[in-house]
Amino acid sequence: MAKDNGFLYVVATPIGNLDDISQRATAILQQVDWIAAEDTRHTGRLLSHLGISARTIALHDHNEKQRAASIIQKCLAGENVALVSDAGTPLISDPGYSLVRQCRDAGVRVIPIPGPCALITALCAAGLPTDKFHFIGFLLAKSQQRQNQLAEVPAGVGTIICYDTARRIKDSLQDVAQVFGRDRELVLAKELTKTFEHLEYGTAAQITAWLEDDPQRCQGEMVLMIAPTPKADTDVSEAEINTLKLLLTELPLKKAAAFTAQIHGGKKNALYKVALQLSGETE
Ligand code: SAM
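Residues numbered from 1 in each chain as written. Predicted model: local features only at pLDDT ≥ 70, side-chain atom pairs only at ≥ 80, totals over all residues. Heavy atoms only, no water.

**Q** Pulling in residues and values, what's your account of the pairing of strand E8 (residues 186-190)?
**A** With five of five residues buried, E8 lies mostly within the body of the structure. Residues Leu186, Leu188 and Lys190 line one face of E8 and the alternating positions Val187 and Ala189 line the opposite face, and both faces are buried. Of the strand pairs in this sheet, E8 and strand E10 (residues 222-226) are connected by five bridges, and their pairing is antiparallel. By the bridge assignment for E10, Leu186 is matched with Ile226. (Buried < 20%, exposed > 50% of the residue type's maximum accessible area, 1.4 Å probe, protein only. Helix = DSSP H or I, 4+ residues; strand = E, 2+ residues; numbered from the N terminus. Pairing = 2+ DSSP bridges.)

Structure follows, in structure tokens:
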């Protein structure tokens, strides 16, 4: 008689505090035949903390497509596999998408085991709107690319959430001010669930000053959140705001407002007022 298919479990692991592993995640990691891990040595430390000795397979960005085939073979042969990343929820700025997609296509059931995720952990403590939010993953490495990445975020998406690195954060804050204006409210969440957890609130300049006050503050893992666009007291549409934001990365205020008015047939003066708000200047 043919063996039933095994499952792929997508298991979230802690983002700092090891006590955040759930009972269900621990039980699954104990039971499965294989654990597919981004970095088997890193995951080995979590497993030894949990007293689990399981067989691990390395699955990372560079071998995921090929490795997925052998993991699917195992599942089709009746073995259960857990997918974990170095920290948090797999697939969220981490490997796993290709494997999950291929499992779906091959008829292997994928079971999520929820748990920590840095963007949700940051958002729930930031005091920024949570009814709508937009996650853009890691901010890009180069300033101009980063500005384009930020300018392409459509207006009206709510709080914007980005992952960033300690090495780049000060440059990123400058780019955020350039694209969203110097007055835009930001929250930087650092070292979540760890000893030096801290959330800093303020404008790009205020958060930069806080970082510069103590070189140690420029270390560790971080999530940057950008408050939603303040409501303009004009009837400028979201499409106009999006165009304006893109043009403002290249053009002075007046020109950006004039071109936006030409493109959308809107009012130049109203657009100029919004451009002032976006760039943090006042009339
Ligand atoms: N899969 C993970 C998740 O569920 O959040 C994210 C993995 S991504 C490779 C790593 C990035 O997540 C870090 O560079 C940082 O931006 C963010 N991050 C992870 N752990 C964090 C923590 N404890 N505090 C703040 N940010 C964290």
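From this point, the narrative continues.
**Q** Talk me through the sheet that holds strand E7 (residues 159-164); I want residue IDs and the actual numbers.
**A** Strand order across the open sheet formed by five strands is E6-E7-E10-E8-E9, with mixed pairing between neighbours. The sheet terminates laterally at strand E6 (133-138) and strand E9 (198-202), the two strands that pair on one side only. Mean inter-strand twist for the sheet, computed between neighbouring axes without regard to direction, equals 15 degrees. (Axes fitted to C-alpha atoms, helices over the stretch in contact; angles between N-to-C directions.)

**Q** Describe the pattern of salt bridges, with residues and values.
**A** With the rule as written, the count across this model stands at eight salt bridges. In this structure, Arg55 engages Glu79 in a salt bridge whose closest nitrogen and oxygen atoms are separated by 3.8 Å. Highlighted residues: Arg55 in strand E3 (residues 55-58) and Glu79 in the loop between helix H3 (64-76) and strand E4 (81-84), separated in sequence by 24 residues. The exposure class of Glu79 is partly exposed, given its relative accessible area of 22%. The structure contains a network of salt bridges with shared partners spanning Glu191, Lys194 and Glu221. (Salt bridge = Lys/Arg side-chain N within 4 Å of Asp/Glu carboxyl O.)

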